[in-house]
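The lines below spell out each chain.
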Amino acid sequence: MAIRWAVVIVFSVCAIAGCELDPKVSGQNGTKGTGNASEQIVKAREAIIGNRFKEAHDILTALIEKDGANAQAYMLRGIAHMRESRVYPAVKDLSAAVKIAPTVDGYYNLGNALQQSGFYERASGAYRAALELQPNDPEIILNLAANLIHLNRVSEGMQLLERAMKDRPNDPQPYTNMGIAYHQNEDYSAAESSFQKALEVDPNYYQAEFNLAKNYQKMGKDALAAKHYKRYLDMRPNAPDRGKIEERINGLGGDS
């Protein structure tokens with residue numbers, strides 16, 4: 001079963017899909033002693049899923065020391081680093097993985113690590129490399145679009161989001177990211193419509209709710225902004241930004 005390492009960055013950047021924890025390495029992966037190594041890869045993957053990162057690192061580092069061309073071990077260790085928010089070691093390991101075995105998942109995961117490290121241009125290149133290998137992968141399309149919008153290449157990002165909305169009409173993420181793109185272009189009415197469409201698709205998609213509130217705030221519709229910030233907090237009661245949002249609601253004349 002594929003597991004995604006989910007990253008959500010709302011408004012200033014788009015929602016970014018996460019890392020593939022079930023790497024499908026094709027071609028030569030450089031694995032020696034395939035049976036034993038494969039068993040260790042399975043154990044390491046299970047350890048990462050269970051958040052037992054030390055165990056995973058011990059297994060994967062031992063595999064890499066034994067066989068420096070084991071792309072799966074590098075990829076999984078990179079994903080473990082990312083789940084621990086250690087983005088720079090993740091970039092190093094995932095770069096090694098794609099150098100050994102240039103795969104869709106390798107480039108996809110590397111793009112996510114580069115994005116989180118702040119290397120946005122390099123992330124764009126990694127996502128494009130992944131799309132060359134698998135042109136219609138929806139997760140890669142969404143992440144590349146988000147990356148381009150962050151780089152202020154909004155029209156390119158919007159073209160990709162149009163593809164994503166056509167292919168995934170029941171997914172709120174592309175509508176939310178399109179709203180962010182419109183907001184960045186200062187087309188606040190179009191942004192409002194996009195965020196509302198995302199919430200029609202999924203009424204509990206808090207990323208769209210947060211961005212809709214901030215869009216109303218930018219439009220000067222303080223009462224609506226306060227209302228939707230409150231709804232965001234209802235959707236996400238343990239939000240890490242709760243204190244700041246409550247202050248914002250009070251500043252808009254609402255009671256948090």
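One can find the structure itself at the top, above this paragraph.
In this report, we go over the structure that sits alongside the text. (Residues numbered from 1 in each chain as written. Predicted model: local features only at pLDDT ≥ 70, side-chain atom pairs only at ≥ 80, totals over all residues. Heavy atoms only, no water.)

### Let's talk about the pattern of salt bridges
The tally for this structure, following the rule as stated, stands at 11 salt bridges. D58 serves as the salt-bridge partner of K54, at 3.0 Å between the closest nitrogen and oxygen. In this pair, K54 and D58 both sit in helix 2 (residues 53–66), 4 residues apart, roughly one turn of the helix. Residue R153 is joined to E121 by a salt bridge in which the shortest nitrogen-to-oxygen separation is 3.4 Å. With R153 in the loop between helix 7 (138–150) and helix 8 (154–167) and E121 in helix 6 (residues 120–133), the pair connects residues that are 32 residues apart, well separated along the chain. Counted as one network, the salt bridges with shared partners bring together E121, R128, R153 and E156. (Salt bridge = Lys/Arg side-chain N within 4 Å of Asp/Glu carboxyl O. Helix = DSSP H or I, 4+ residues; strand = E, 2+ residues; numbered from the N terminus.)

### Remarks on the nonpolar core
Counting 70 residues, the largest nonpolar core has L60 and Y229 as the members making the most contacts within it. If sequence neighbours within four positions are ignored, L60 has contacts with I41, A44, I48, A73, L76 and R77. (Core = buried A, V, L, I, M, F, W, Y, C linked by side-chain atoms within 4.5 Å. Buried < 20%, exposed > 50% of the residue type's maximum accessible area, 1.4 Å probe, protein only. Contact = heavy atoms within 4.5 Å.)

### Examining the packing of helix 11 (residues 206–219) against helix 12 (residues 222–235)
It is the contact of helix 11 with helix 12, at a shortest axis distance of 8 Å, that shows an interaxial angle of 160°. Taken together, the axes of helix 11 and helix 12 are roughly antiparallel relative to one another. Here the hand of the crossing between helix 11 and helix 12 comes out left-handed. Along the contact surface, helix 11 presents Y206, E209, F210, L212, A213, K214, Y216 and Q217, while helix 12 presents D222, L224, A225, H228, Y229, R231, Y232 and M235. The residue makeup of the contact of helix 11 with helix 12, split by class, is 10 nonpolar, 2 polar and 4 charged. (Axes fitted to C-alpha atoms, helices over the stretch in contact; angles between N-to-C directions. Parallel < 35°, antiparallel > 145°, perpendicular 65-115°, else oblique. Left-handed = near helix turned anticlockwise from the far one by under 90°. Nonpolar A, V, L, I, M, F, W, Y, C, P; charged D, E, K, R; others polar.)

### A closer look at the environment of V87
Tracing the backbone shows V87 in helix 4 (residues 87–100). For the pair V87 and G118, spaced 31 residues apart in sequence, the C-alpha separation works out to 9.6 Å. Once residues within four sequence positions are removed from consideration, V87 is found in contact with A113, Q116 and S117.

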